[in-house]
Amino acid sequence: MSTDEALTFWDGFYASRTEAVDPRPNARLTETVTGLPPGDALDLGCGEGGDSLWLARNGWRVTAVDVSGVAVERLARLARTGGLEGAVTAERHDLRATFPRGTFDLVSAHYLHTPLDLDRSAVLRSAAHALRPGGRLLVVDHGSTAPWSWNQDPDMHYPAPQEVAAGIGLDPASWTVERTDVLRRTATGPGGQTAEVVDHLLLVRRTA
């Protein structure tokens, strides 16, 4: 899929959804980050912005990125109307070509699945290298297909957290894998429907 095709896909995806007034944060983010001292966070694939807004409300300075200009514009607008404009910087990036500048105390990559020809391991490696010492990379992936997912490929492979960690290939002298969890929860879809889904969670801390 070309860049133009990817932009058309994701812009169309978000444009077709009713704009959320207060998008929900992902449960795995709030569970994992609550209690950590706030600092600078990078939200990769920010989508509708629920995670970025939650982080900002909890004292984090957030750089939020997405390939979709529609998603980025919506998040910037929500940050302004919510009095969080100074805490959230929304940027459009095709992560195949550009990566946000800066160093961070937290990098969050929730459900960074896409029909783009994206080298996810390379992106997550860049994310790990963008961490400050003591910072954490939180990767949460789908471990199952929700009924409302855009991807209903029955042959879809959902890599285990250990596979994701191995693919990133980080030096254990400088990064420590803190969690590799397979978790279940009841999720709510955009139409209010519910289903049990599986999340794959990887948490890596930079030690040096």
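The structure reproduced in this document is the subject of the present report. Bear in mind the structure is a predicted one, so any value in this text is a computation, not a measurement. (Residues numbered from 1 in each chain as written. Predicted model: local features only at pLDDT ≥ 70, side-chain atom pairs only at ≥ 80, totals over all residues. Heavy atoms only, no water.)

1. Overview of the overall build of the chain
Threshold: Strands here mean DSSP runs of E at least two residues long; helices mean DSSP runs of H or I at least four residues long; both are numbered from the N terminus. Each radius of gyration reported is based on C-alpha atoms, and the globular scaling rule is 2.2 Å times the count of residues to the power 0.38. Accessibility here uses a 1.4 Å probe with only protein chains present; expressed as a share of the type maximum, an area under 20% marks a residue as buried, one over 50% as exposed, and anything in between as partly exposed. Here, residues are in contact when the closest pair of their heavy atoms is within 4.5 Å.
Broken down by element type, the chain carries six helices and seven strands. Ordered by position from the N terminus, the helices and strands of the chain form the series α-α-β-α-β-α-β-β-α-β-α-β-β. In terms of overall size, the chain behaves like a compact globule, its C-alpha atoms giving a radius of gyration of 16 Å where 208 residues would be expected to give roughly 17 Å. The principal-axis extents of the C-alpha atoms in the chain amount to approximately 45 × 45 × 35 Å. Counting only residues that meet the buried cut, the chain has 45% of its 208 residues in that class. Taking all contacts inside the chain whose residues are at least 6 apart in sequence as the whole, residues at least 24 apart take part in 71%.

2. Notes on helix α4 (residues 69-81)
Let me state the cut-off plainly: Working rule for helices: expected span equals 1.5 Å times residues minus one. What qualifies as a polar contact is a pair of N or O atoms within 3.5 Å, subject to a donor-acceptor requirement within protein and to the restriction that residues adjacent in sequence count only when both atoms come from side chains.
Taking 1.5 Å of rise per residue, the 13 residues of α4 would be expected to cover 18 Å, and the 18 Å separating its terminal C-alpha atoms lies within 8% of that figure. All of the buried residues in α4 are G69, A71, V72, R74, L75, L78 and A79. Two or three places before V70, at the opening of α4, S68 has a side-chain oxygen 3.2 Å from that residue's backbone nitrogen. Just downstream of α4, G83 is the residue with a positive phi angle, here 70°.

3. Here we look at the pattern of salt bridges
Short version of the rule: By definition, a salt bridge exists where a carboxyl oxygen of Asp or Glu is found within 4 Å of a side-chain nitrogen of Lys or Arg.
Enumeration according to the criterion identifies 12 salt bridges in this entry. A salt bridge links E31 to R28, with the shortest nitrogen-to-oxygen separation between them at 3.1 Å. Placement of the pair is E31 and R28 together in helix α2 (residues 27-33), with a separation of three residues, close to one helical turn. With a relative accessible area of 6%, R28 lands in the buried category.

4. Overview of the side chain of S108
Position of S108 relative to the elements: it lies in strand β4 (residues 104-110). Residue contacts for S108: discarding those within four places in its chain leaves L29, L42, D43, L44, D51 and L138.

5. Things to note about the sheet that holds strand β7 (residues 194-206)
Convention followed: Strand pairing follows a simple DSSP-based rule, namely that at least 2 bridges must link the two strands. Convention adopted: a line fitted to C-alpha atoms gives each axis, helices being fitted over their contacting stretch, and angles between N-to-C directions are expressed from 0 to 180 degrees.
Within the open sheet, the seven strands sit side by side as β3-β2-β1-β4-β5-β7-β6. Their pairing is mixed. Two strands lie at the open edges of the sheet, namely β3 (88-92) and β6 (175-188), each paired on one side alone. Across the sheet, the mean angle separating the axes of adjacent strands is 15° when strand polarity is ignored. As judged from the four bridges shared by strand β1 (residues 40-44) and β4, these two strands associate in the parallel manner. In the sheet register, A41 faces β4, and the bridge partner there is L106. Sheet strands touched by helix α3 (residues 50-57): β1, β2 (61-66), β3 and β4. Its angle to β2, the strand with the most contacts, is close to 175°. Taken strand by strand, helix α6 (residues 161-168) contacts β5 (131-142), β6 and β7, and its axis lies near 35° from that of β7.

6. What to know about the nonpolar core
Most often, soluble globular proteins have nonpolar side chains that are buried together. Inclusion rule: In these notes, a set of buried Ala, Val, Leu, Ile, Met, Phe, Trp, Tyr and Cys residues joined through side-chain atoms within 4.5 Å is what counts as a nonpolar core.
Ranked by size, the top nonpolar core spans 29 residues in total, and within it L44, V107, L137 and L202 carry the most contacts. Top contributing element to this core by residue count: helix α5 (residues 120-129), with four residues. Non-local contacts of L44, meaning those with residues more than four positions away in its chain, are made with V65, L95, F99, V107, S108, A109, H110, L112, V123 and A127. Counting 23 residues, the second largest nonpolar core, distinct from the first, contains V62, L84, V88 and V140.

7. Remarks on the pairing of β4
Among the seven residues of β4, six are classified as buried, and the element is accordingly described as predominantly covered. Sheet analysis places β4 next to β5, joined by six bridges and oriented parallel. Each bridged residue has a counterpart across the sheet, and for S108 the counterpart in β5 is L138.

8. Let's talk about the packing of α5 against α6
The following threshold applies: Angle categories: roughly parallel below 35 degrees, roughly antiparallel above 145, roughly perpendicular from 65 to 115, and oblique for all the rest. Under the scheme applied here, ten amino acids are nonpolar (Ala, Val, Leu, Ile, Met, Phe, Trp, Tyr, Cys and Pro), four are charged (Asp, Glu, Lys and Arg), and all others, including Gly, are polar.
Between α5 and α6, whose axes approach to 8 Å, the crossing angle comes to 75°. When the axis of α5 is compared with that of α6, the two are roughly perpendicular. Side by side, α5 and α6 meet where R120, S121, L124 and R125 of the first sit next to V164, G167 and I168 of the second. Grouping the amino acids of the contact of α5 with α6 by side-chain chemistry returns three nonpolar, two polar and two charged.

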